[in-house]
Amino acid sequence: MKVDVLLGLQWGDEGKGKVVDVLTPRYDVVARFQGGPNAGHTLSFDGEKYILRSIPSGIFQGEKINIIGNGVVLDPLLFREESEGLARSGHDISRRLYISKKAHLILPTHRILDAACEAAKGHGRIGTTGKGIGPAYTDKVGRNGLRVGDLFHDFDRKYAEARHRHETVLHGMDCAYDIAEIEARWMDALEYLKTFHIVDSEHMINRLLADGKSILAEGAQGTMLDVDFGSYPFVTSSNTVCAGCCTGLGVAPRHIGEVYGIFKAYCTRVGSGPFPTELTDETGSTLCERGNEFGSVTGRRRRCGWIDIVALRYAVMINGVTRLIMMKSDVLDPFETIRACVAYRTGGTETDEFPFDISGADLRPVYTELPGWQTDMTQMKSESEFPPAFNAYLAFLEAQLGVPVSIVSVGSDREQTIVRYAD
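Residues numbered from 1 in each chain as written. Predicted model: local features only at pLDDT ≥ 70, side-chain atom pairs only at ≥ 80, totals over all residues. Heavy atoms only, no water.

**A look at the packing of helix α5 (residues 155–172) against helix α6 (residues 180–193)**
Phase 1 of the analysis: At a minimum axis separation of 14 Å, α5 and α6 run at an interaxial angle of 150°. Between α5 and α6 the crossing geometry is right-handed. The residues of α6 that touch α5, namely those facing Phe155, Tyr159 and Arg163, are Glu183, Trp186, Met187 and Leu190.
Phase 2 of the analysis: Grouping the constituent residues of the contact of α5 with α6 by class yields five nonpolar, no polar and two charged. (Axes fitted to C-alpha atoms, helices over the stretch in contact; angles between N-to-C directions. Helix = DSSP H or I, 4+ residues; strand = E, 2+ residues; numbered from the N terminus. Left-handed = near helix turned anticlockwise from the far one by under 90°. Contact = heavy atoms within 4.5 Å. Nonpolar A, V, L, I, M, F, W, Y, C, P; charged D, E, K, R; others polar.)

Written as structure tokens, this is what we have:
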């Protein structure tokens, strides 16, 4: 068997949670391979809405195995809040969720460091969610991190050393803080975390593969936020691309199967950073309101713009995408004309390749225009109902990206999902 990978192709918020939920019936296992609780995956079904931050989005489907992989950074306090919230709504996940011993812990001082470092950047702020993700990954790379498995290996000493190290930095920044209350609750949440299956996840996943089990790997954020290939430095702290699945789960490259690349029919970005197709006019506001473009974790308003084919083509290449999934098609329903960026113009030259830096003041998107469909897509149940102009938009995207659009979403509910190409 192979590990199929599902990831975002833009700046995150593409709708990965819904698609994982829709695809999960095809798989035995869903495994999250990177990111932290700054990534909110929203799922809607049976008239209810759920937001998952650390728990894989396959948790609602039957008795499927769900794994939090070693590439994830986990905040015990937020994990407990998320897990208990699911339990109150009738979803007891304790038997079906497994947590890697090698997943790194987000400490209370990581949150304080995150806020202090962001404030110190002034106008150069990244737009972090303040959840401590960056400092946790910094400790991981600096070989100073605490992992879930450390809970059973001299944890008190390791934690005291980490806290002392962080507080030395905070004192040097002349940062005032009070850690007592949050630390007490965090320690209590550690005991809750211990009640779950804590495993050597890399061995578990490879055993499952050897036993013929099918696995779906779930990514967080999006390709354009990858620490290596995204719009650096306005990126997240992990590898959000397909290669991150191998390191975030302990899976060899030869075991990678299908790569599902998810994108919106337009484009959004939250926080700071360059955004070539951003619209600050009425059109941008319409996209925001129709798409309900507000962060599921932070509530922050997302910046909106037309689809960026240059960035999408780059993301398809980096990830080796085999199937595309287009989300929020219905948001474009009222537009008479749809625009798509097919190249960038800068310094008197034009390029259709994603450049080293897209923050230049003279960089301008080059657009092509397509007719809109001006039809309500939300009630459609099959591809046969698609209007001709929408089919033309799909054909245009497939020609530009060289990959078929296999699934189209026409609304937030899991039922509003149309499969064009079956296995």
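**Section: the environment of Lys102**
Phase 1 of the analysis: Structurally, the position occupied by Lys102 is in the loop between β7 (97–100) and β8 (104–105).
Phase 2 of the analysis: Sequence separation between Lys102 and Phe234 is 132 residues, and the spatial gap between their C-alpha atoms is 27 Å.
Phase 3 of the analysis: The residues contacting Lys102, other than those within four sequence positions of it, are Asn70, Arg147, Asp200 and Glu202.

**Thoughts on the sheet that holds strand β10 (residues 215–218)**
Phase 1 of the analysis: In spatial order, the strands read β9-β7-β5-β2-β10-β1-β11-β15-β19-β20; together these ten strands make up an open sheet with mixed pairing. With one partner strand each, in any of the chains shown, β9 (197–199) and β20 (417–419) form the two edges of the open sheet. When the angles between neighbouring strand axes are averaged without regard to direction, this sheet yields 20°.
Phase 2 of the analysis: In terms of strand pairing, β7 meets β9 through three bridges, oriented parallel. Pairing of Ile99 across the sheet is with Ile198, part of β9. (Pairing = 2+ DSSP bridges.)

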